[in-house]
Amino acid sequence: MNEIVEKLTICIEFGKINQKSPFPPSMRGEVGADELTKQALEAGINPAEILEHGLIPGMNAVGLKFSQGKVFVPEMLMAAKAMSTALVHLKPYFQSGEVKRKGTFIIGTVFGDLHDIGKNLVAMTVEGAGWEVIDLGVDVKSETFLDTLGKYPNSAVGISALLTTTMANMESVVKNLKEKHPLTKILVGGAPLNAAFCNKIGADFYSRDPQGAVAYLNNLQNC
Amino acid sequence: MHLQQFNIPNQSVEISRAEIYAVLGVSAEVQAMVDEYIDEVFMNGCELLQITGGYLIAEDVETDITLKQILVNRIPFSIKNNIFQQLKASEKIAVFACTIGDAVFEKSRTLMKNNEMLHGYIYDIFGSLAVENAMEQVQNNLKLEMAVIGSGISNRYSPGYCGWNVAEQKKLFSLLPPGFCGISLSDSCLMQPIKSISGFIGIGPEIHQEAYTCEVCDSSQCLYRNLKHNG
């Protein structure tokens, strides 16, 4: 494995954004994800390899630690920021088609609910796992999910809710989506949910953490 | 009925670095990372607070032991046994609400949209702690007011916590004057501004406050749970 790509993985995992960034203290003064991605491209490393072998393993590593309770939200957010900083350099290659995404994931907080921190964490982690993420924000109605799904018909959909009152709104959204797009896989998540509720409303998968969503989506890709 | 509403000075809100660490659940190494953000939030966050809080003291209070309901002004509230046990001896109920306004939440979301996720998240935590801290002041005022007449007060309980269905928020707000403290309720019972809290406090000579008992509540989002376990 190329040394730059290996270092990039470490920078993502530990949230080292760039040389200026003081975090983590053990990497103070060293170059970060920003500089290393540029270096990798300048060294002629294939952008797909940078993504597959540099960035994605870093996000997977921190996501796994998060799901195991070994790191908390701040570490996830710093890793995601390092990841998005690196992705800026890869954007032209996504646009040209030279680097392929694993698929498209549409995500939003269900209508009636304005909570978004958990949803944002999932969006960032899924993006960091190599998926194109279309984040519809909060208070998202069925029509908005349907319109977006119309534009990206092979996407998976993620719906989030934080309140017991708003999780009930998921049922109508799932029903409306499944009526028009029966093959679309729908993931649900949020503090008051569980797998039984997911089954009851006809969604396909409940994930208690971002890494669970990534694992499910990656499996879909392999089916 | 007795209605009180206070404008609470921003400077009176006291939030410690340790409280923010506790909610974040951070290690010593991560503390170094977040300190810069916390410093900025402490410096500028207070200016964004627009705090209003208050309570209405309802004297028409009955309990139904069989249904584990408390009736306030004849409106039944289905509370779980754990809250019922704390409130059942109440002679009066203080229906409270408190908000810090919209500005902290908006600042938080602006930062998040600009990829400053951690900074925005710390503003969000600051807002949650600020509204709880402000409500603590409102509650202390109630405590002093009730002590004069020989009554004690309970802990505060909110729809959405300790098994109390958040849908009962609508009935709770029906007890308060329209637009009390500038708070409105969405169809899904979400308070606007988001950084607002509401609930009941029991009042009576046999009523007293207790330490927070997380084991009787299944909320994974509660600040007090995080503060208790990580603080």
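Notes on the structure follow. (Residues numbered from 1 in each chain as written. Chains lettered and ligands numbered in written order. Predicted model: local features only at pLDDT ≥ 70, side-chain atom pairs only at ≥ 80, totals over all residues. Heavy atoms only, no water.)

**A few points about the overall build of chain A**
- When helices and strands are tallied, chain A shows 10 helices and 5 strands.
- Against the globule reference of 17 Å for 223 residues, chain A gives a C-alpha radius of gyration of 18 Å, in line with a compact fold.
- Here chain A holds 223 residues, and 57% of them are scored as buried.
- When contacts within chain A are restricted to residue pairs at least 6 apart in sequence, long-range pairs at least 24 apart make up 67% of them.
- Entry remark: accessible area of chain A is about 9,500 Å², with carbon and sulfur atoms responsible for 53%.
- Across chain A, the centroid of the 21 positively charged side chains sits 2 Å from that of the 23 negatively charged ones. (Helix = DSSP H or I, 4+ residues; strand = E, 2+ residues; numbered from the N terminus. Rg over C-alpha atoms; globule rule 2.2 N^0.38 Å. Buried < 20%, exposed > 50% of the residue type's maximum accessible area, 1.4 Å probe, protein only. Contact = heavy atoms within 4.5 Å. Areas by Shrake-Rupley, 256 points an atom, 1.4 Å probe, with all protein chains shown as cover. Lys, Arg positive; Asp, Glu negative; His and termini not counted. Charge placed at Lys NZ, Arg CZ, Asp CG, Glu CD.)

**Description of the environment of B:Met112**
- Mapped onto the fold, B:Met112 is located in helix H4 (residues 103–113).
- Owing to a relative accessible area of 7%, B:Met112 belongs among the buried residues under this scheme.
- For B:Met112 and B:Tyr123, which are 11 residues apart along the polypeptide, the C-alpha to C-alpha distance reads 10.0 Å.
- Not counting residues up to four positions away in its chain, the partners in contact with B:Met112 are A:Ile117, A:Asn120, B:Met117, B:Gly120 and B:Tyr121.

**As for unusual backbone geometry**
- With omega at -5 degrees, the peptide bond leading from A:Phe23 into A:Pro24 counts as cis.
- By the element assignment, A:Pro24 lies in the loop between helix H1 (3–14) and helix H2 (33–42).
- Of note, the amide linkage connecting B:Gln192 to B:Pro193 takes the cis form, showing an omega dihedral of 0 degrees.
- Relative to the elements of secondary structure, B:Pro193 occurs in the loop between strand E9 (191–192) and strand E10 (196–204).
- Of note, A:Asp139 is a non-glycine position whose phi angle comes to about 55 degrees, a positive value.
- Looking at the secondary structure, you find A:Asp139 in the loop between strand E2 (132–135) and helix H6 (142–151).
- Note on A:Asp139: relative accessible area 36%, which makes it partly exposed.
- One non-glycine residue, B:Lys68, lies in the positive phi region at around 50 degrees.
- Mapped onto the secondary structure, B:Lys68 falls in the loop between strand E3 (61–64) and strand E4 (69–72).

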